Amino acid sequence: MIVAAANAPVFTLFDVYINHGEVGGYLSSLSGQGKVAGGMAVRMLSGEKPRDIPMVKGVNTYTFDWRALKRWGLKESALPSGSIVLNRQLTVWQAYRWYIIGGIVLFLGETILILALPWQWRRRRRSERYSREIVLRSPVAMIVTRGPKHHNELINRRFTELFGYTIEDLPDEDHWWPLAYPDEEYRESMKGEWRRRVERAIIEEKDIEPLEASVRCKNGSYRHIEFHFASFGDSNVVKFLDLTDRRRAEIQLRESEERFRLVTNTAPVMIWTAGTDRKCSYVNKTWLDFTGRPLEAELGDGWTEGVHPDDSNRCLQTYTEAFNRRESFERRYRLRRKDGEYRWVLDDGVPRFNPDGSFAGYIGSCIDITERKLAEESLATIGRRLIEAHETERTWIGRELHDDINQRLALLAIDLDRWNQNASNNEVAQLVRHTRARISEIAQDVQGLSHRLHSSKLDYLGLATAAKSFCTELSEKTKVEIVFRDAGIPQTLSKEISLCVFRVLQEGLQNAVKHSGVRSFTVDLRGTKESIELTVADTGSGFKEQEAFTCHGLGLISMRERLQLVQGELSVKSQPGAGTTIRARVPLKTDGYRAMAG
Amino acid sequence: MRALHEFIHALAQRAEGDPLETSSIRVLVVEDSEEFRKFICSTLGERPEFQVVGEVTDGLRALQRADELRPDLILLDIGLPSLNGIEIARQIRKLSPESKILFVSQESSADVVREALHTGAHGYVVKIDAGSELMKGVNAVIRGDQFVSKRFSGEDFLVSSHAGVSEDRQTDGSR
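Since the model is a prediction, treat every value here as computed from it, not as a measurement.

A. Local environment of a negative patch on the surface. Residue and element names in this part refer to chain A. A cluster of like negative charges, contributed by Asp 183, Glu 184, Glu 185 and Glu 188, occupies part of the molecular surface. Structurally, Glu 185 is set in helix H7 (residues 184–204). The exposed category is assigned to Glu 185, whose relative accessible area is 68%.

See the structure below:
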């Protein structure tokens, strides 16, 4: 009451009076005093002497009531330090701070969202424009549809190029069917197929399987199309791949293969083809008729079963080597005919290439050359006999000339010498001398002829000396230089070998002198334990090696045949303008040779 | 038969020990042409110091007779059946080294002559020149000289060794 009636601030001494309008002051806390007194009583009760307990100065603090301070306009800053202000009232900020912060954050967020929205719209519009452009400019024909009725939202340029239809012609799917498939039956079958694929895709949770169909274009032509489908939400994209050219090429290829088969099956030769894997991919009817086996048995590596075991490795090796180099090849092997007889076949294989130049495999043709081979063999025998007969004849004539004619000429000369000694007058003596000289000349010529036909020197002197002698004589006769070298030629050689080498030398050197156009030649004759080698070389005009056995041939052919009689071989190296070297090699068969030497 | 007859005849002559024969020159004629053999024998017959002790027509037979008779002189053809004269000469050098050999052959090639003389033979007469050269050759060879037909006068057949190997040749003798 006092406080309320007072017109000045009322201060008090005890804290319990506060809250009743008093301002406050340096207050003594009654409860604080009680606590201190209680504490002393406890200390005394526990035996502590009162005189030991120190005197308590007091428990007062500066305490004020906020409401009274406000009422009297007293400032808190004017209060003594350490003052406690009770019953202080809260500000709006202090009371509602979190509500205020939350509201501001919410407001700012909304603002950002509102501001970002148009930007997002622009982005989306741009993205849509890009997608649209991609579809429009795609090199693949496309349609984009939307909604359950499949309204065509976009038809790209390629689509219009391909089919001629525009978005005006095809506003939706319903317009597509009659235009693309005017034939009702075909249309229904396509619709059915389409539905089946959609259902299967739904069940299997996969994309719709691509579909092929023949589509009518606006100009009435038809194109072979492969359809691809894709869904994005309520949008669908249909892609149209034009397979018309590929399909046409396939058809053409099939037709071409059919024609090939037709031709090859009526061909009189056996024909095969192989793929890039080297395996047989086809043989013609002629082949099958020959082997008497079904096609399946010949395909892959099956055909090799018919090749003679002795020829099989060589045959495959030739094939593999040529195949790896993509080169043509020729091989001869024995192939089993259906009657079980092995027949010699000549097989020509050539690589095949696609129009783009890529390797496509091989094609080959075989002919039965058994008869030809027999003919060749008999021809070789005839050739050998011919050479032998020729040699025998030459030997006979040579010997006749040498042993008979020349002997008689010698006797005649001896008779003339006697006459000359007994000649009665000079005139007769001169005539006799003259006649004798002519006889001597004839004898010389006959001996030369005899030596050419059959070189008795070969018998008397052995190969090396006879060869050297021949070179010397030819050099003198034709006025050319012949450098002769020899080494290691055995004194005793079989007559066949020495005669063969000698004949090759005669033929080769005479050819060289006649055709090379140069005046200098080298002859090299070498013997080893294994063989005799003869080399005749010139630095003259030369010729093309390919023509060696054709154009320049007869001499070389007869040399080669002669050498074959003693298992020898002939090689010719020549280039136009770079001279010619012929090399003959004859093996020395140790057994035969020892027998001859022994 | 004829060869056998000659053989017996020669043996008989040796056995008789004719004092005249001791000084005669015993000759073996190896020649397959009958006419030529006759010519040789008649030419030699003109001179009493020569005695033809054997006539043969075949190469192998010539070796056999040379071995048996050991003649002073052998007149040897080259072109003969079974073995040629050059080969015969080589063998005779071993079988009867004291026999002198004069080739009488129609071969007129210098290479053949060279090879023939390489065997160790002493002379070479070409048949066609035999009318004038046979006796010259025989005389020269008997004297121990070398004789070669005049037609080869330009050639050099100097033979110092009888190795039978020409200088520029490496003959493999083992074969």
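More follows now that the structure is in view.
B. Structural view of the packing of aromatic side chains. All names here are of chain A. Inspection of every chain in the model, using the stated rule, returns 29 aromatic pairs over all chains. Considering the side-chain rings of Trp 272 and Phe 329, the 6.3 Å spacing of their centres and the 20° angle between planes classify their relative orientation as stacked. Highlighted residues: Trp 272 in strand S9 (residues 270–274) and Phe 329 in strand S11 (residues 329–336), separated in sequence by 57 residues. On the basis of relative accessibility, which here comes to 5%, the residue Trp 272 falls in the buried class. Given a relative accessible area of 7%, Phe 329 falls into the buried group. Taking 6.3 Å as the distance between ring centres and 85° as the angle between the ring planes, the aromatic pair formed by Tyr 319 and Tyr 362 counts as edge-to-face. Of the two residues, Tyr 319 sits in helix H11 (residues 309–325) while Tyr 362 sits in strand S13 (residues 359–368), which places them 43 residues apart along the sequence. Tyr 362 sits in the buried class, given a relative accessible area of 0%. Members of the aromatic cluster, joined through ring pairs, are Phe 159, Phe 163, Trp 176, Trp 177, Tyr 181, Tyr 186, Trp 194, Phe 227, Phe 229 and Phe 240. Directly above the aromatic system of Phe 323 lies the positively charged group of Arg 278, at a separation of 5.5 Å from the ring centroid.

C. Fine view of the sheet that holds strand S4 (residues 100–105) of chain B. Residue and element names in this part refer to chain B. Taking strand neighbours across the sheet as the criterion, the six strands line up as S2-S1-S3-S4-S5-S6 in an open arrangement whose pairing is parallel. Edge positions in the open sheet fall to strand S2 (50–56) and strand S6 (147–148), since each of these has one partner strand only. Sheet analysis places strand S1 (residues 25–30) next to strand S3 (residues 73–76), joined by four bridges and oriented parallel. Bridge pairing links Val 29 to Leu 75 in S3. In the packing of helix H4 (residues 85–95) onto the sheet, contacts are made with S3 and S4, and the angle to S4 comes to roughly 175°.

D. A look at the interface of chain B and chain A. Opposite the 32 residues of chain B that make contact, chain A presents 41 residues. Between chain B and chain A the total buried area reaches about 2,900 Å² when both faces are included, carbon and sulfur atoms providing 46% of it. Between the two partners, chain B and chain A, sit one salt bridge. Arg 436 of chain A is the salt-bridge partner of Asp 129 of chain B, the closest N and O atoms lying 3.1 Å from each other. Taken together, the links from chain B to chain A amount to 17 residue pairs in polar contact (both at pLDDT 80 or more). Counting residues per element, the ones that place at least two in the side of chain B that touches chain A are helix H2 (34–45), helix H5 (110–118) and helix H6 (130–143) of chain B. For the side of chain B that touches chain A, the leading source of residues is H2 of chain B, giving four residues. Split into classes, the residues belonging to the side of chain B that touches chain A amount to seven nonpolar, twelve polar and 13 charged.

Thresholds, definitions, all that
- Residues numbered from 1 in each chain as written.
- Chains lettered and ligands numbered in written order.
- Predicted model: local features only at pLDDT ≥ 70, side-chain atom pairs only at ≥ 80, totals over all residues.
- Heavy atoms only, no water.
- Patch = residues over 30% accessible without salt bridge, like charges linked within 9 Å, V, L, I, M, F, W, Y side chains within 5 Å.
- Areas by Shrake-Rupley, 256 points an atom, 1.4 Å probe, with all protein chains shown as cover.
- Salt bridge = Lys/Arg side-chain N within 4 Å of Asp/Glu carboxyl O.
- Lys, Arg positive; Asp, Glu negative; His and termini not counted.
- Charge placed at Lys NZ, Arg CZ, Asp CG, Glu CD.
- Helix = DSSP H or I, 4+ residues; strand = E, 2+ residues; numbered from the N terminus.
- Buried < 20%, exposed > 50% of the residue type's maximum accessible area, 1.4 Å probe, protein only.
- Phe/Tyr/Trp six-rings, centres within 6.5 Å; stacked < 30°, edge-to-face > 60°.
- Lys NZ or Arg CZ within 6 Å of the ring centre and 35° of its normal.
- Pairing = 2+ DSSP bridges.
- Contact = heavy atoms within 4.5 Å.
- Axes fitted to C-alpha atoms, helices over the stretch in contact; angles between N-to-C directions.
- Buried area = accessible area lost by both parts, 1.4 Å probe.
- Polar contact = N/O pair within 3.5 Å; in protein donor to acceptor, adjacent residues only side chain to side chain.
- Nonpolar A, V, L, I, M, F, W, Y, C, P; charged D, E, K, R; others polar.

Don't take any of this as a statement about function, it's just geometry.
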